[in-house]
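These are the residues of each chain, in order.
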Amino acid sequence: MSDNAPPPVRFRPEVLAVPAYRQGATPTQPGFKLSSNENPFAPLPGVAAAIAARGDVNRYAAAAMPELRAEIAAEFGVAADHVHLAAGSVAILYQLVHAAAGPGDEYLYAWPSFEAYPALGLASGATPVGVPLTATAEHDLDAMAAAITERTRVILLCTPNNPTGPALARADVERFLARVPADTLVVLDEAYREFVTDPAAVRGEDILASSPNLVVLRTFSKAYGLAGLRIGYGVGDPAIFRAAASVAIPLSVTGIAESAARASLTPEARAVHAERVAAIVDRRDRLGAGLRELGLDVPDAQGNFVWIPETAAGGGGVPDALALGASFAAAGTLVRPFAGAGVRISVGEDESLAVIIEHVREFLAQLGGAA
Ligand SMILES: Cc1ncc(COP(=O)(O)O)c(C=O)c1O
């Protein structure tokens, strides 16, 4: 049967019109998988044992997970009821957009950004509004403020921006928040916060107290290396999360994920975590520098990924992102090309750096040299 065959039963046409989320490529041969911004390190010490010790899988986990929420809340200096857990931070994005934006409402985000954003509210009938990034691949906060209408219900700020890399400055976010109506939800998606080294960058905990309409999202998927277990969290007003919980799929955070997250927050695990984050940041900076030496205009990279823009010849990028992605795949390295926009390369194993830089050098040479 063709992939385009209609279902045998009636569905809402607006749902059938929504393309399903497409995951980064998965490997079919040995090589580097640098297509999903994953952590190349195994889970932190103590995590595998905590998972193995969690024997009670015949029971539903107690959904409140008070200890884990209290531990996260302490980091943010808030009470535990300000912390909301879900099966990945992407689940909270869905919950918030569904809870806030229905037919005729709009939700706003910069574009290109996290690929899940455009479809978040389509099934609820809301209209996605993507505001183009600036020429330096950053959020255009002035244009985003200008795009707010009385129909705007949610604004998503992705910092550092996946896939392009720059982080939002705290001062710019504060100026932006002052222009947002107080009853409009703003989501600061900080999935990659732990990798940020720019001291001017915003940190959710610094601005939460002064912004009651703000929710900060973080995840155990990236810096903590628990992507496969699906656990992320939001921090903000408990009343916002009660609304999110009303549209959440019940009981979707597993006890195994809870135990793994708690084991990742012990002092011993945190020490190793800090070392690993530093190693990934070092690799990121070396990878960015190596690509810039080839003449590429790689934007400031604050996450665990770097971005090669698609540009006309001589414009500091590659002329065809899909072609670069395909040539990497043919050589056994999976990266994430975005048609017409650029190529995102996740920071992985140390040995991958030289392979990537050499591959891009050869790709550019075949094109005739100049980036
Ligand atoms: C910006 C951003 N937000 C959220 C997520 C979702 O992460 P998770 O659902 O694994 O917490 C991702 C994953 O790639 C992301 O890039």
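This write-up is about the structure you can find in this document. (Residues numbered from 1 in each chain as written. Predicted model: local features only at pLDDT ≥ 70, side-chain atom pairs only at ≥ 80, totals over all residues. Heavy atoms only, no water.)

**Focus: the overall build of the protein chain**
1) Next: Across its full length, the protein chain carries 12 helices and 10 strands.
2) Next: For the protein chain, whose C-alpha radius of gyration is 21 Å, the value lies close to the compact-globule estimate of 21 Å for 371 residues.
3) Next: Sorting the 371 residues of the protein chain into buried and exposed places 49% on the buried side.
4) Next: Total accessible area on the protein chain stands at roughly 16600 Å², and carbon and sulfur atoms take up 56% of it.
5) Next: Counting 28 positive and 40 negative side-chain charges, the protein chain places the averaged centre of each group 5 Å from the other. (Helix = DSSP H or I, 4+ residues; strand = E, 2+ residues; numbered from the N terminus. Rg over C-alpha atoms; globule rule 2.2 N^0.38 Å. Buried < 20%, exposed > 50% of the residue type's maximum accessible area, 1.4 Å probe, protein only. Areas by Shrake-Rupley, 256 points an atom, 1.4 Å probe, with all protein chains shown as cover. Lys, Arg positive; Asp, Glu negative; His and termini not counted. Charge placed at Lys NZ, Arg CZ, Asp CG, Glu CD.)

**Remarks on helix 3 (residues 66–76)**
1) Next: When helix 3 is considered as a whole, its buried residues turn out to be Leu68, Arg69, Ile72, Ala73 and Phe76. Along the axis of helix 3, the buried residues cluster in a sector spanning 130 degrees; they form a single face.
2) Next: Those residues of helix 3 that are buried are in contact with strand 1 (83–86), helix 7 (204–207), strand 6 (214–219), strand 7 (232–235) and helix 9 (255–263).
3) Next: At the exit of helix 3 stands Gly77, carrying a positive phi of roughly 65 degrees. (Arc of directions from axis to C-beta. Contact = heavy atoms within 4.5 Å.)

**Here we look at the environment of Ala70**
1) Next: Tracing the sequence through the fold places Ala70 in helix 3.
2) Next: When the C-alpha positions of Ala70 and Ala257 are compared, they lie 16 Å apart, and in sequence the two are 187 residues distant.

**Focus on a nonpolar patch on the surface**
1) Next: A cluster of nonpolar side chains, contributed by Val9, Phe11 and Leu16, occupies part of the molecular surface with about 300 Å² of accessible area.
2) Next: Mapped onto the elements, Phe11 comes out in the segment before helix 1 (13–16). (Patch = residues over 30% accessible without salt bridge, like charges linked within 9 Å, V, L, I, M, F, W, Y side chains within 5 Å. Salt bridge = Lys/Arg side-chain N within 4 Å of Asp/Glu carboxyl O.)

**Some remarks on helix 12 (residues 350–367)**
1) Next: For helix 12, with 18 residues, the first-to-last C-alpha span of 27 Å sits near the 26 Å given by 1.5 Å per residue.
2) Next: Against the buried residues of helix 12 lie helix 10 (267–293), strand 8 (305–309), helix 11 (321–330) and strand 10 (342–346).
3) Next: Two residues or fewer after helix 12 comes Gly368, characterised by a positive phi angle close to 115 degrees. (Expected span 1.5 Å × (residues − 1).)

**Brief notes about the site of the ligand**
1) Next: Surveying the vicinity of the ligand reveals 13 residues, the closest of which are Ser89, Asp189, Tyr192, Thr219 and Ser221.
2) Next: Contact between the ligand and Asp189: a nitrogen atom at 2.7 Å from a side-chain N or O atom of the residue.
3) Next: The separation between an oxygen atom of the ligand and a polar side-chain atom of Thr219 is 2.6 Å.
4) Next: Protein chains shield 93% of the accessible area of the ligand, which is 400 Å² for the free molecule. (Near = heavy atom within 4 Å. Polar contact = N/O pair within 3.5 Å; in protein donor to acceptor, adjacent residues only side chain to side chain.)

**Things to note about the nonpolar core**
1) Next: In this structure, Ile72, Ile155, Leu157 and Phe220 are the most contacted members of the largest nonpolar core, which totals 46 residues.
2) Next: Every residue in contact with Phe220, bar those within four places of it in the chain, is listed here: Leu68, Ile72, Gly225, Leu226, Ala227, Ile231, Gly232, Tyr233, Ala261 and Leu265. (Core = buried A, V, L, I, M, F, W, Y, C linked by side-chain atoms within 4.5 Å.)

**Things to note about the pairing of strand 6**
1) Next: Within strand 6, six of the six residues are buried, which leaves it mostly tucked inside the rest of the structure.
2) Next: Of the two faces of strand 6, the one carrying Leu214, Val216 and Arg218 and the one carrying Val215, Leu217 and Thr219 are both buried.
3) Next: Summarising the sheet, strand 5 (residues 185–189) and strand 6 pair through four bridges and their orientation is parallel. Residue pairing across strands places Val186 opposite Leu214, the latter belonging to strand 6.
4) Next: The pairing of strand 6 with strand 7 spans four bridges and is antiparallel. The residue bridging Thr219 from the neighbouring strand is Gly232, located in strand 7. (Pairing = 2+ DSSP bridges.)

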